[in-house]
Amino acid sequence: MADRRKHLILVGLILAALAGVLLLGIPGSPAHKKVTLGLDLQGGLEVVLKAVPPKGKTCDSACMDRSVSIMRSRIDKLGVSEPEIRKQGSNQIVIQLAGVHDVNKAAKIIGTTAQLQFFDFENDLTGPSSNGGQPVATPSLFKLLTQVKKDASKGTPTGYYLFNKKQQVINGPEDTVKQLLDTPKLKGKQPKGSTILAVPEKTTVVSCDATTGCLGAQGAAPTFYYLFKYDPENQSKPIPEATGADLKLSSIRADISTQGQGNVVQLGFTKDGARKFHDITRIEAQRGAGLAAAAGQTGNDLQTVQQFAQHFAIVLDNELRSTPYIDYKQNPDGIDPSINGAEISNINSFSEAKDLALVLQTGALPVKFEQIERTDVSATLGKDSLREAKTAALIGLLVVAAFLLVLYRFLGVVAVIGLGIYAAFLYAAILIFNVTLTLPGFAGLILTIGVAADANVVIFERIKEEVRSGKSVRAAISAGYAKGFHTIIDANVVTVITAMVLFAVATAGVKGFALMLMIGTVISLITAVAATRAMLGLLGGFSWFENPRFMGAAGQQHGKWLQIDFMGKRYLWLAISGTVVAISIGALAVKGLNLGIDFKGGTQVTFTTPQPVSLASVRDQASQFGKEPIVQGRGRASGGDNFKSFQLRLRSLGSAETSKLKSDIQTRFNSEAIQIQTVSASFGKQIARGAIIAILFSLLLIILYIAIRFDFKFALPVIVALLHDIVITVGVYALLGREVSNSTVAAVLTVLGYSIYDTIIIFDRIRENIPLMRRAPFATIANVSLWETIRRSLATTLITLLPVLSLLIFGGATLKDFAFALMVGITAGAYSSIFIAAPLLTTWKEREPEYARRIGQEPSGDGVATLEAAEEAAAAQPAPDLSPVAAVERTATASQAKRERRRQRRRARPHGRAR
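Summary of the structure given here. Since we're looking at a predicted model, the values are computed, not measured.

Attention now goes to the side chain of D764. With respect to the helices and strands, the residue D764 is situated in helix α23 (residues 742-769). A polar side-chain atom of D764 sits 2.4 Å from a polar atom in the side chain of R767. Setting aside its immediate chain neighbours within four residues, D764 contacts H486, T487, D490 and F710.

With that settled, the discussion passes to a nonpolar patch on the surface. Taken together, L22, L23 and I26 make up a surface patch of nonpolar side chains, about 270 Å² in accessible area. Counting through the fold element by element, L23 comes out in helix α1 (residues 2-25). A residue is classified by how much of its surface remains accessible, and L23, at 44% relative accessible area, is partly exposed.

Our next topic: the packing of helix α17 (residues 570-590) against helix α22 (residues 712-736). Packed helices, taken two at a time, are described by their axes: the angle between them and the distance between them. Packing of α17 against α22 leaves a shortest axis separation of 8 Å and a crossing angle of 50°. Taken together, the axes of α17 and α22 lie oblique to each other. Handedness of the crossing formed by α17 with α22: left-handed. Side by side, α17 and α22 meet where S577, V580, V581, I583, S584, I585, A587 and L588 of the first sit next to H724, V727, I728, V730, G731, A734 and L735 of the second. Within the contact of α17 with α22, the residues separate by chemical class into eleven nonpolar, four polar and no charged.

Contact pair helix α19 (residues 615-622) / helix α20 (residues 655-669): the axes reach a minimum separation of 11 Å and the direction vectors enclose 145°. Considering only the axes of α19 and α20, their crossing is right-handed. On the side of α19, the interface is formed by S617, V618 and Q621, while α20 contributes D664, R668 and F669. Its residues placed into classes, the contact of α19 with α20 shows two nonpolar, two polar and two charged.

We now examine the sheet that holds strand β10 (residues 195-199). The strands making up a sheet associate through backbone hydrogen bonding, with each pair oriented either parallel or antiparallel. Read from one edge to the other, the open sheet built from three strands follows the order β9-β8-β10, with strand pairing classed as antiparallel. In the strand order of this sheet, the two ends are held by β9 (169-174) and β10, each with one partner. Looking at each pair of strands side by side, their axes are set apart by 15° on average, direction ignored.

A few words now on the state of the cysteines. Scanning the model with the defined rule gives two disulfides in all. With its sulfur 2.1 Å from that of its partner, C208 forms a disulfide with C214. Measuring handedness by torsion sign, the sulfur bridge of C208 and C214 sits at about -100° and is left-handed. Judged by its relative accessible area of 0%, C208 falls in the buried class. Its relative accessible area of 12% is what places C214 among the buried residues. Ordering the disulfide-forming cysteines of the protein chain by sequence position, one finds them joined as 1-2, 3-4.

Criteria and cut-off values
Residues numbered from 1 in each chain as written. Predicted model: local features only at pLDDT ≥ 70, side-chain atom pairs only at ≥ 80, totals over all residues. Heavy atoms only, no water. Helix = DSSP H or I, 4+ residues; strand = E, 2+ residues; numbered from the N terminus. Polar contact = N/O pair within 3.5 Å; in protein donor to acceptor, adjacent residues only side chain to side chain. Contact = heavy atoms within 4.5 Å. Patch = residues over 30% accessible without salt bridge, like charges linked within 9 Å, V, L, I, M, F, W, Y side chains within 5 Å. Areas by Shrake-Rupley, 256 points an atom, 1.4 Å probe, with all protein chains shown as cover. Salt bridge = Lys/Arg side-chain N within 4 Å of Asp/Glu carboxyl O. Buried < 20%, exposed > 50% of the residue type's maximum accessible area, 1.4 Å probe, protein only. Axes fitted to C-alpha atoms, helices over the stretch in contact; angles between N-to-C directions. Parallel < 35°, antiparallel > 145°, perpendicular 65-115°, else oblique. Left-handed = near helix turned anticlockwise from the far one by under 90°. Nonpolar A, V, L, I, M, F, W, Y, C, P; charged D, E, K, R; others polar. Pairing = 2+ DSSP bridges. Disulfide = S-S within 2.5 Å.

Laid out in structure tokens, this is it:
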């Protein structure tokens, strides 16, 4: 009765949670949220940035690569999932963002140069900004530069500004007058009535927002200006005295000051930077103390100290962010940043402090970037492809449900309901955690459907085994969950380890895949262990539920796989795999991978049409020039997927192909404004490096976990099987010449998760049988374990492949490559778990003295008597949640179960004898 009440409470909690999910999904409800789709599913914002190097310098390929890397890091820290970042031409970077709530803020952070500089404030001010050592803030930049006009005519100015008739800045600063006037609006001509003013040689203009507090400011103005000395090339005494290069990026963080300074950014310095900072503040402390002494002021009160204290200026991209003063009484020798630290204060909000810390943490961009274009872009898949994907997913889920119903009958009904609960909870998690759903995330979702179904399959197979051994259905359910629980835990922990490391280290699409895999795996564990257990627990007391035929557990398990001596043929399996792996490696070496534009860049074409045209029409026209070009509409859609402006990216084209493409577009769409240029790969080295590091690190953690939970010798076969699957998947792509895209990477990562999960399930049964078969050769233990789990392995493989097969058939052209990679990888994963991992483990374990002595020897009795005796002994022990009556019933049936299982094992032995 107590168990029934417990299950009833659990079912009630699940129903309450489902009601909460319903509120999240109902439009108009207070808790309603929408799923955030990525660029490939809904489109987003495109920003084009142009590199503007300083006078006399250029931004080469290495400079642009570093800029892309920094921008990608900033976007990842912003929380924008699945960005597209690529170089365009020689000096432009294109960024596409999905799910951005504050477009202006994101664009500003991404393009911020982040040139952080530290000035000795009072000492470095010059011209009209310094009055006898006292700072003077000028409210007008025009006025400031007019005052130094004569100085600017001498030497080489450091910059130029263009002002209109109202003395407001039109453009600047720029290194030359030509650059100043080279804008789409000015077209190289100076407007009438405008004024060009120069910044004197070895000086720089620094602005100050009035809200941050500008020293020496008088009157009201939104912004004040200072003129600082500027001589960074001076080796003996550079100005500014320190820069952002002297910061330790890992120690930069936003915080709330304990000294009443409000929102701050804490700064940490490198060893050399700490020395520079100490030198600056020591000079300022000594100067402040000297000024106080000269004035005859020796008091320690705060007002006196502040009157004579000197400041250092923290300047970010020529904007004064903070001017902390040096307390010469408390710090007569300056500030040691390793003890007292340094911070940027006078920040309006904690959000602003976080944004500033983010920019500083990612380092300074090599050059300044200016935004030259911003526009909306459509999804890369298009609504037609998205509709096909939804249809394929729905068909796949229906087929999986039908398969579970046929295989497990009433238990299948419970499994389908469990999958429905899993889907609802996963939907809620996507909304609550604001997950950006993209195609790689969709791959993780497909894998977790297999994992969720497999958790039920593991337990249901256990229940059927217990029923066949003679237990009542109720007792079999308790035993099945008790025995299957640790198996599911081990398999899920290994999968979550992989997902967590990928999410922590990797970037872009890899991160999206990892997040979906992690969330889905945790939820599948909850639904399998809690939801289905509660449902079966409530049904366990009904008489009609006690019929084994009702759940497909009547009779004994039969199948040709029980006649296969898997371990006796291990060298045949290894030879087959070795041949396939050799062919795959040969294909990779000879043919190589057909890398798509995601990896090696290609040609980008932009054009407009007089009338709205569908994405599908443009995609069909461009497909003759390469496999599945990426097509996006630009600007607002004119109903459905129809646009007047398009952007498509496809493989690099030769001059003849480029001419033909241009001619075809003009003829087909009556387009005249066609631009064709080269673009770089969006899947950059940073993403690849992050994914590889994440995979290697996750493999180390998996080895450690398996070594602790199993044995070190169990770990290496798991890794070998995993590498086997990846090599074969990639090799098939090379052999068939299929194009490798971002979707292929997502599919390979799916293979990684699936292969590990499937192998752990089999190894868990081997671990369980080792103490039960104390005198059996290890090959016999492995064979028996495979016989007991192969039905589950085949069922799980089919469950996972069914939605993928549906995607391959019904998913449309843009998803076929993605589904194909999943088909190959999952099939390889199922094969390697049975025919690679287990044989390798057997070969290794048989070298141990204990198992070496058993080779060629029969266990006592009929070869499996040890296993049966152990099972009989285990059956005599009541399960943790069995009633005394059930325990007596279980003991009474043990003798009958022993005879039945002995007949089963005898039929299953190869050639009638145990190995």
